[in-house]
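# Observations on the model geometry
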Amino acid sequence: MHSLPGIVAVGYINEAIDEGNPLKTLDTLLLPNAKIRDVDPARAQHYQDVLHHAKSQKLMDAECVSKVLWLDEVQQAVHEANLDEDRAKQWAMLVIDVNRCLEEQKSDDILSVLKSYASNAQNVIPECAGRYYEALVKAKEIKSEKVSTEGSWLKLNLHEKYDYYYNIDSKESSWVTPKSWEPKKSWLMGKEIEDIVEEVTVRYIRDKMWSASEDLLLCFQATSSGPMLREEFEARKSFLHDQEENVVKIQAFWKGYKQHKAYLQRQQTFAGNVDSVVKIQSWFRMATARKNYLSRLQYFKDHKNEIVKIQSLLRASKARDDYRTLVGSENPPLTVIRKFVHLLDQSDLDFQEDLEVARLREEVVTKIRANQQLEKDLNLMDIKIGLLVKNRITLEDVISHRKKLNKKKGGEMEILNNTDNQGIKSLSKERRKTLETYQQLFYLLQTNPLYLAKLIFQMPQNKSTKFMDTVIFTLYNYASNQREEYLLLKLFKTALEEEIKSKVDQVQDIVTGNPTVIKMVVSFNRGARGQNTLRQLLAPVVKEIIDDKSLVINTSPVEVYKAWVNQLETQTGEASKLPYDVTTEQALTYPEVRNKLEASIENLRRVTDKVLNSIISSLDLLPYGLRFIAKVLKNSIHEKFPDATEDELLKIVGNLLYYRYMNPAIVAPDGFDIIDMTAGGQINSDQRRNLGSVAKVLQHAASNKLFEGENEHLSSMNNYLSETYQEFRKYFKEACNVPEPEEKFNMDKYTDLVTVSKPVIYISIEEIINTHSLLLEHQDAIAPEKSDSLNELLELLGAAPSVESFLGEGAVDPNDPNKENTLNQLSKTEISLYLTSKYDIEDGDAIDGRSLMIKTKKLIIDVIRNQPGATLTEILETPATEQQEQDHAKDMVSRAVMDSRTPEDGKQSQAMMEDAQLPLEQKKRKIQRNLRTLEQTGHVSSKNKYQDILNEIAKDIRNQRIHRKLRKAELTKLQQTLNALNEKAAFYEEQINYYDTYIKTCLDNLKRKNTRRSIKLDGKGEPKGMKRAKPVRYTATKLHEKGVLLGIDDLQTNQFKNVTFDIVATEDVGIFDVKSKFLGVEMETVQLNIQDLLQMQYEGVAVMKMFDKVKVNVNLLIYLLNKKFYGK
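Quick caveat, the model's predicted, so the values are computed rather than measured. (Residues numbered from 1 in each chain as written. Predicted model: local features only at pLDDT ≥ 70, side-chain atom pairs only at ≥ 80, totals over all residues. Heavy atoms only, no water.)

## Observations regarding the overall build of the chain
A tally of regular secondary structure across the chain gives 45 helices and 13 strands. Out of the 1128 residues belonging to the chain, those deemed buried represent 41%. Considering only intrachain contacts with a sequence separation of at least 6, the fraction spanning at least 24 residues in the chain is 71%. Roughly 63,100 Å² of accessible area belongs to the chain as shown, and the carbon and sulfur atoms make up 51% of that amount. (Helix = DSSP H or I, 4+ residues; strand = E, 2+ residues; numbered from the N terminus. Buried < 20%, exposed > 50% of the residue type's maximum accessible area, 1.4 Å probe, protein only. Contact = heavy atoms within 4.5 Å. Areas by Shrake-Rupley, 256 points an atom, 1.4 Å probe, with all protein chains shown as cover.)

Given below as structure tokens:
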């Protein structure tokens, strides 16, 4: 009988034979279920031919019921095909050796060659060796006479059905006609050689037989008794012929008698040796069984690889079935859950990966904060150097700022940003409880987004922006893992919905205003996490635009006109007669201007298409968080304004995705790290204008705004804008098509309860204190209910501490003269907080249903590992054996070793650790008690044998696999982010070096200039101070005439003569004391900082107040100070 898999294999093999495809036939022969032995892939064609012939013969057999080849028939055909190969090779060797013997005239070797390969070697007679050679030589000569050209292939025919080809040079063989086949025509083939040998042998035997008969007859005839013997022989032969029946009967009786006698003797022998016979039979049976066993064993050894493969396939198939049951079944059985429960264990690899993730996350957060501070300082340095160009007095301020940068670069930054994992332990013991409360506070803020959402809108916008950039992003570790990104998105969503609900009165408010949450979302996604996305999205096309030196896009008719006039004057060397100042309409009257404008528009359309295609084709590169917030924005606006059209909603989405997120990066790619810039390098005005023109067109297209009014000259692009808007519309609509964060990150409000490691944040002491102060300040608005969890925690913490009280006594020497600076520096120190919930799992009767469910699951997992059973009820009711208790104890010891390696703050609660050490029977009793409690609360039911809790365990197993997968992805992402941050830090250091060189050059120049400002240099080349200049005195009337003084509150102009101002330069560079006198009586003194004045000038502040009542012109005041004190 054939097994089911064997029958399937028979079907596949016969189907392949009928199709006539040798390769498919070969594949079916190699099927494991077929078990066909000795299959050689090189003989595929011959297997096809032999199997097809065998099946044809079977089909022609009318008596045969089955019309298919069964496995034993297929095996026989394969065996015959293999034998054919061997025979064909023997024939080929025979042909080669015989023909070479003939060509080399080796007559002595012909006999050995024929005997070696001939199928009937006994027909080759040694006495005929010479005759064989002569006959073969003669036949070859006759055959060679007709040959002019020949190849190297031999063609042999087997069974008059199959052709076999063999190349005598390359030793190739084939059952299919070779492409380069050309026969060896001059050689004798196998059939010809066999016929010649047979003919010579037959002739020789016939000659010998006739000669032997003749001698015998002559011998007989020579004797005298010959005639008599012949007569007797003939008479006897005639008698026997006549009595043939009787002779046969006599012979039959005689043979029967002899056989009967032998049988009786044999029977007697067996009867007399029964014990020996039984022993011989048993030995024989044993030998036969042993032979079969050894044969089977040897078969297994010979096919070890195949057996291992089959076993692995069976195990994999079984494991797949079990896993499908675990994943897909609504109620997976306990037997399946037990097979996968080991996946919940924390292996060494899990432990190492968790540590690596924590380390990288800490480095990323620290590096982000360090880079942000460096960027701020560099921006300030850039402004100071720009102001230095306008006013030389600020050089010492620039040098002071440079020292600060160099300190950060040289190591001070490492002190300020040092994140000590042991920071909590370094604090005094009595502060431990306070820090634990802070951990619970920040956990509550992190997991309940409503508090922070309300707090954001309680603060002024400038203060809330700083709060978001520091505390909020720090609280979520800049979304450095899946959990924190999920929670940050929940905060964004809650805050955005709150802002739309309370502050948006019209649909267009989102576009025309500057919503706090939108600004926060864009800032976050353009920061360290989203920067790489923008680079991938825009860098190639932006770099192409910048690198195209021939690209000129200028869509301003007036600018095109002026450039054209300048070109004419440059070419002619004469002043143009054309007017210099023209309006847009006047400029467009000139054909040259219109032609240049059309060329620019064509270039603009071409380049814009490239940027658009890059954006449209890269939807998957957009950060998930940004797309989700776009979805929330669209839905929230639609919910508040149900009459808003789809186009209006998509324009708002476009305002977020394109205008706020992408557009600034296109206009200023150097400012958003879209392209790599060297220190001191910058984009020129033409490149900037090209990028700005592209951004302007895309901005109009994204908002479906046509060129009208002052842009009427670009109206030819309106059709293009409409087409582009349709592309953007599809893009914005698809961008909102994303799953919810719970589905994306596979998280819910219970995720933290089943996660082994606690969440950790890295936050400075100053940020902790500031957050505490803000919460207390706005406590009534954030948590109006007295019973609110936040109020409880704030009550435990009390008033916001100072840095010194937070650190505890002894942290700073009270006699330290630099105590304030030391405390300020310590406030920047980051500490790691392991966040925990104040309402975590506790022991006792106060456990809620969900917590008790988690605790019970852990106990069940420990039990089902060591005690088998079909159902949970069966396991709980069956006593554990001693061996099972021992196995369980070993498992718990191994777990204790693993737990000992876990950081203190990451360990489980003491109650759960104590439960884990209980013996197996005590655990089972505790499980039964817990299950009864859970059944009363409706979490489980004994009617379905507590299948609900088993389903929860199955879910945990699936989530653990997803967690490991996400952790590996997070490791990769963190490493990529850290590399990008290091590159950015290296760029900032390069800028610091560049500024260093610039400032040193300024100092060198100052050495060589003899101005009224005298700067002394010490050995290090740094300025030490300047000579005191004489005071300058002005009346208010004089300053009013100069335009410096604009007015004095509550004082008429005719009274200005009674007011005088003395301006005195202090020892500090750039600092001036201004003393006011009224009627000679000194009234007030204020201090002016030239750096502050320059900063106001930079920010566009034209008027400032001194003494809270004197209005002065900032620009003219700077001019006055420069003229009087610096000789400018």
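Still more ground to cover, so stick around.
## Details of helix H25 (residues 591-616)
Here H25 contains 26 residues, and its C-alpha end-to-end distance of 37 Å stays within 8% of the 38 Å for a straight helix at 1.5 Å per residue. For H25, the complete set of buried residues consists of Val 593, Leu 597, Ser 600, Ile 601, Leu 604, Val 607, Thr 608, Val 611, Leu 612, Ser 614 and Ile 615. (Expected span 1.5 Å × (residues − 1).)

## So, the pairing of strand E5 (residues 760-764)
Side-chain positions along a regular strand alternate between the two faces of the sheet. Among the 5 residues of E5, 5 are classified as buried, and the element is accordingly described as predominantly covered. The two faces of E5 match: Val 760, Tyr 762 and Ser 764 on one face and Ile 761 and Ile 763 on the other face are all buried. In the sheet, E5 pairs with strand E6 (residues 830-834) via 5 bridges, with the strands oriented antiparallel. Looking at the pairing, Val 760 lines up with Tyr 834 of E6. (Pairing = 2+ DSSP bridges.)

## Let's talk about the packing of aromatic side chains
Under the defined criterion, the tally for this structure stands at 12 aromatic pairs. With a centroid separation of 5.7 Å and an interplanar angle of 50°, the aromatic rings of Tyr 658 and Phe 728 are classed as tilted. Placement of the pair is Tyr 658 in helix H27 (residues 646-667) and Phe 728 in helix H29 (residues 718-735), with a sequence separation of 70 residues. You'll find Tyr 658 and Phe 728 in the same group, each marked buried. In textbook terms, an aromatic cluster arises when at least three aromatic residues are bridged by ring pairs, as seen for Tyr 658, Phe 728, Tyr 731 and Phe 732. Its end group placed over the ring of Tyr 720, Arg 605 keeps NZ or CZ at 5.7 Å from the ring centre. (Phe/Tyr/Trp six-rings, centres within 6.5 Å; stacked < 30°, edge-to-face > 60°. Lys NZ or Arg CZ within 6 Å of the ring centre and 35° of its normal.)

## A look at the side chain of Lys 631
Inspection of the secondary structure assignment puts Lys 631 in helix H26 (residues 624-640). Among the polar contacts made by the side chain of Lys 631, one reaches the main-chain carbonyl oxygen of Val 738 at a distance of 2.8 Å. When sequence neighbours within four positions are dropped, the list of residues in contact with Lys 631 reads Cys 736, Val 738, Pro 739 and Glu 740. (Polar contact = N/O pair within 3.5 Å; in protein donor to acceptor, adjacent residues only side chain to side chain.)

## Considerations on the environment of Val 471
If you trace the backbone, Val 471 turns up in helix H18 (residues 461-475). A relative accessible area of 5% means that Val 471 is categorised as buried. Considered as a pair, Val 471 and Ser 764 are 293 residues apart in the sequence and their alpha carbons are 9.0 Å apart.

## Observations regarding the nonpolar core
It is characteristic of soluble globular proteins that their nonpolar side chains tend to be buried jointly. With 133 residues, the main nonpolar core has Phe 442, Tyr 658, Phe 728 and Leu 790 as its most contacted residues. For this core, the element with the most residues is H27, which contributes 11 residues. Those residues in contact with Phe 442 that sit more than four places away from it in its chain are Leu 475, Ile 761, Ile 763, Ile 768, Thr 771, Leu 833 and Leu 835. In terms of nonpolar packing, the next biggest core, distinct from the first, is built from 54 residues, Leu 94, Ile 96, Leu 114 and Cys 128 among them. (Core = buried A, V, L, I, M, F, W, Y, C linked by side-chain atoms within 4.5 Å.)

## Description of the pattern of salt bridges
What the rule picks out here adds up to 23 salt bridges. In this structure, Lys 55 engages Asp 18 in a salt bridge whose closest nitrogen and oxygen atoms are separated by 3.0 Å. Of the two residues, Lys 55 is situated in helix H3 (residues 44-60) and Asp 18 in helix H1 (residues 4-19); the sequence distance between them amounts to 37 residues. Glu 85 is paired through a salt bridge with Arg 43; the nearest N and O atoms lie 3.9 Å apart. Placement of the pair is Glu 85 in helix H4 (residues 71-103) and Arg 43 in the loop between helix H2 (22-29) and H3, with a sequence separation of 42 residues. Just as Glu 85 is buried, Arg 43 falls in that class too. Each of Asp 40, Arg 43, Glu 85 and Lys 89 takes part in salt bridges that share partners, so that together they form one network. (Salt bridge = Lys/Arg side-chain N within 4 Å of Asp/Glu carboxyl O.)

## Comments concerning the environment of Glu 362
Within the fold, Glu 362 resides in helix H13 (residues 348-390). Classification of Glu 362 by relative accessible area gives buried; the value is 11%. Spatially, the C-alpha atom of Glu 362 lies 8.8 Å from that of Ser 832, the residues being 470 residues apart in sequence.

## Notes on a nonpolar patch on the surface
On the surface, Val 8, Tyr 12 and Leu 31 cluster together to form a nonpolar patch covering roughly 240 Å² of accessible area. Of note, Leu 31 is situated in the loop between H2 and H3. Residue Leu 31 is classed as partly exposed on the basis of its relative accessible area of 30%. (Patch = residues over 30% accessible without salt bridge, like charges linked within 9 Å, V, L, I, M, F, W, Y side chains within 5 Å.)

## Here we look at the sheet that holds strand E12 (residues 1103-1106)
Taking strand neighbours across the sheet as the criterion, the 3 strands line up as E8-E13-E12 in an open arrangement whose pairing is antiparallel. Among the strands making up the open sheet, the edge pair consists of strand E8 (1045-1048) and E12. Here the strands of the sheet are splayed against their neighbours by 25° on average, with no regard to which way each runs. Pairing of E8 with strand E13 (residues 1110-1113), which is carried by 3 bridges, proceeds in the antiparallel orientation. When the sheet's bridge partners are listed, Ile 1048 is paired in E13 with Val 1110. (Axes fitted to C-alpha atoms, helices over the stretch in contact; angles between N-to-C directions.)

## A short note on unusual backbone geometry
Unusually for a residue other than glycine, Asn 704 sits at a positive phi of about 55°. By the element assignment, Asn 704 lies in the loop between helix H28 (685-702) and H29. Even without a glycine there, the phi angle at Lys 945 is positive, about 60°. With respect to the secondary-structure elements, Lys 945 resides in the loop between helix H41 (920-936) and helix H42 (947-1008).

## Regarding a positive patch on the surface
There is a patch of like positive charges on the surface, built from Lys 1038, Lys 1042, Lys 1123 and Lys 1124. Contributions of two or more residues to the positive patch are made by helix H43 (1036-1042) and helix H45 (1114-1126). Assignment of secondary structure puts Lys 1123 in helix H45. In this structure Lys 1123 comes out as partly exposed when scored by relative accessible area, which is 41%. (Lys, Arg positive; Asp, Glu negative; His and termini not counted. Charge placed at Lys NZ, Arg CZ, Asp CG, Glu CD.)

## Overview of the sheet that holds strand E2 (residues 162-167)
Across the sheet, which stays open at both edges, the 3 strands sit in the order E1-E2-E3 with antiparallel pairing between neighbours. Only two strands of the sheet have a single neighbouring strand rather than two, namely strand E1 (153-158) and strand E3 (173-174). Relative to E2, E1 runs antiparallel, the two being bridged by 6 bridges. By the bridge assignment for E2, Leu 154 is matched with Tyr 166. Across the sheet, H4 is in contact with E1, E2 and E3; its angle to E1 comes to roughly 130°.

## Brief notes about helix H32 (residues 765-777)
Taking 1.5 Å as the rise per residue, H32 with 13 residues should run 18 Å; its terminal C-alpha atoms sit 18 Å apart, in good agreement. For H32, the set of buried residues is Ile 765, Glu 767, Ile 768, Ile 769, Thr 771, His 772, Leu 774 and Leu 775.

## Considering the packing of H27 against H29
Geometry of a packed helix pair, given as the angle between the helix axes and the separation of the axes. Direction vectors running N to C along H27 and H29 enclose 90°, while the axes themselves pass 9 Å from each other. Between H27 and H29, the angle falls in the class roughly perpendicular. From H27, Glu 646, Asp 647, Leu 650, Lys 651, Val 653, Gly 654, Leu 657, Tyr 658 and Met 662 reach across to H29, where they touch Tyr 725, Phe 728, Arg 729, Tyr 731, Phe 732, Lys 733 and Ala 735. Here the contact of H27 with H29 is composed, by residue class, of 10 nonpolar, 1 polar and 5 charged. (Parallel < 35°, antiparallel > 145°, perpendicular 65-115°, else oblique. Nonpolar A, V, L, I, M, F, W, Y, C, P; charged D, E, K, R; others polar.)

## Considerations on the environment of Leu 1116
Looking at the element boundaries, Leu 1116 is found in helix H45. By relative accessible area, Leu 1116 is classed as partly exposed at 32%. With 72 residues separating them in the primary sequence, Leu 1116 and Val 1044 have C-alpha atoms 5.4 Å apart. Setting aside residues up to four positions removed in sequence, Leu 1116 forms contacts with Lys 1042, Gly 1043 and Val 1044.

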